[in-house]
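The primary structure of each chain is shown beneath.
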Amino acid sequence: MARTPALSNGPVEFTDVGGNQVSLPLSSIFFDGKTIHAEGSIYNSHKAAADDWLTYLARIGEIVPDADPPSKTAMVITAKHAGSTGNFIQIQFSNPDNSDPTNVKFDATVTETDTYPALTPATIQSALSAEPGLVILPGNAPTELPKAGTYPLAVTSPNTSATVDIPKNSGLGNAFTVQARADGPDGALTQVTIKDVTATFTLIAGWRKTATQITASKVGTTFDYEIAVAAPTGGTLSAPAAGTVTLSGGTDALSARQASAVVSA
């Protein structure tokens, strides 16, 4: 569940086990789902008395979750590479574990899907160059149509880019070789699908990586093949809200810039 601030008329007043009057600031009280919680030094010093009183006040509606809490920026995510294909990067955050509010863990999946329709052997290299994405086509321009199918890339030598040979649509041999845009093992998470083979064909390059139960500080290093992660201006990295974020604003050509997104906590 997401952490939600509490609303009430003011600080919570109660008497502790020693008969002393205690004032608990509203800012130290929050809800996790429908369950009320508190934190901070005042609460920790009077936990036994505070818990019963807070539960009672929540039950009678004197303290309620904020139905429209102000949004907080958890992180700013930017595509690793400039270009419009960065607009096809999605980051899904799910399965948050808030059992330790100071070290929230969650699952994250990053995907990119680049689609190039109506290609021919003569135009594929220029199309991949005009809209640079997950794959490139090294070597000479191909002359043969490729065979429909799905082809995972693989790293065949250390410190090299992942590649895959795409067979000809008819006859023996390969139509061309597809190469991941960057070196490293994560390039092998790319796969190419060829379909709609007639006089033209469609090439779809896809990339996907999932990490389970990581913290906000690990998002950037875990997915650095695809994205860069920064703390919000004047703030620190924090756990994102569950949901899917799509990068936007990436452009090609001379004014090329990276797609990005501001992620809410």
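Residues numbered from 1 in each chain as written. Predicted model: local features only at pLDDT ≥ 70, side-chain atom pairs only at ≥ 80, totals over all residues. Heavy atoms only, no water.

## What about empty space enclosed by the protein?
At step 1: Summed over the entire model, instances satisfying the criterion amount to one cavity of 30 Å³ or more.
At step 2: Around the largest cavity, the lining residues are A79, K80, H81, A82, T85, G86, I89, E112, P132, R181 and E226.
At step 3: By residue class, the composition of the lining of the largest cavity is four nonpolar, three polar and four charged. (1 Å grid on protein atoms, 1.4 Å probe; cavity = no way out; pocket = protein on both sides within 12 Å on 5 of 7 lines; lining within 4 Å. Points joined across faces, edges and corners; volume = space filled by probe spheres on them. Nonpolar A, V, L, I, M, F, W, Y, C, P; charged D, E, K, R; others polar.)

## Description of the sheet that holds strand β9 (residues 105-119)
At step 1: Taken in spatial order, the six strands of this open sheet run β11-β14-β15-β9-β8-β17, and their pairing is antiparallel. Strand pairing shows two members of the sheet lacking a second neighbour, β11 (149-152) and β17 (243-246), which therefore form its edges. Here the average twist between neighbouring strands, direction ignored, is 20°. (Pairing = 2+ DSSP bridges. Helix = DSSP H or I, 4+ residues; strand = E, 2+ residues; numbered from the N terminus. Axes fitted to C-alpha atoms, helices over the stretch in contact; angles between N-to-C directions.)

## Overview of the side chain of T190
At step 1: In this structure, T190 sits in strand β14 (residues 190-195).
At step 2: Separated by 3.0 Å, the side chain of T190 and the backbone oxygen of G187 make a polar contact.
At step 3: Look past the residues within four positions of T190 in its chain and what remains in contact with it is L134, V135, P152, L153, G206 and W207. (Polar contact = N/O pair within 3.5 Å; in protein donor to acceptor, adjacent residues only side chain to side chain. Contact = heavy atoms within 4.5 Å.)

## Observations regarding the pattern of salt bridges
Two side chains with opposite charge may pair up if their charged atoms get near one another.
At step 1: In this structure the tally under the stated criterion is four salt bridges.
At step 2: With a closest N to O distance of 2.2 Å, E226 and R181 form a salt bridge. Here the residue E226 occupies a position in the loop between α4 (216-222) and β16 (227-230), and R181 occupies one in strand β13 (residues 174-183), the gap between them amounting to 45 residues.
At step 3: Here D186 ties to K209 by a salt bridge, and the two come within 3.1 Å at their closest N and O atoms. Here the residue D186 occupies a position in the loop between β13 and β14, and K209 occupies one in strand β15 (residues 201-214), the gap between them amounting to 23 residues.
At step 4: One network of salt bridges, with partners in common, ties together E112, R181 and E226. (Salt bridge = Lys/Arg side-chain N within 4 Å of Asp/Glu carboxyl O.)

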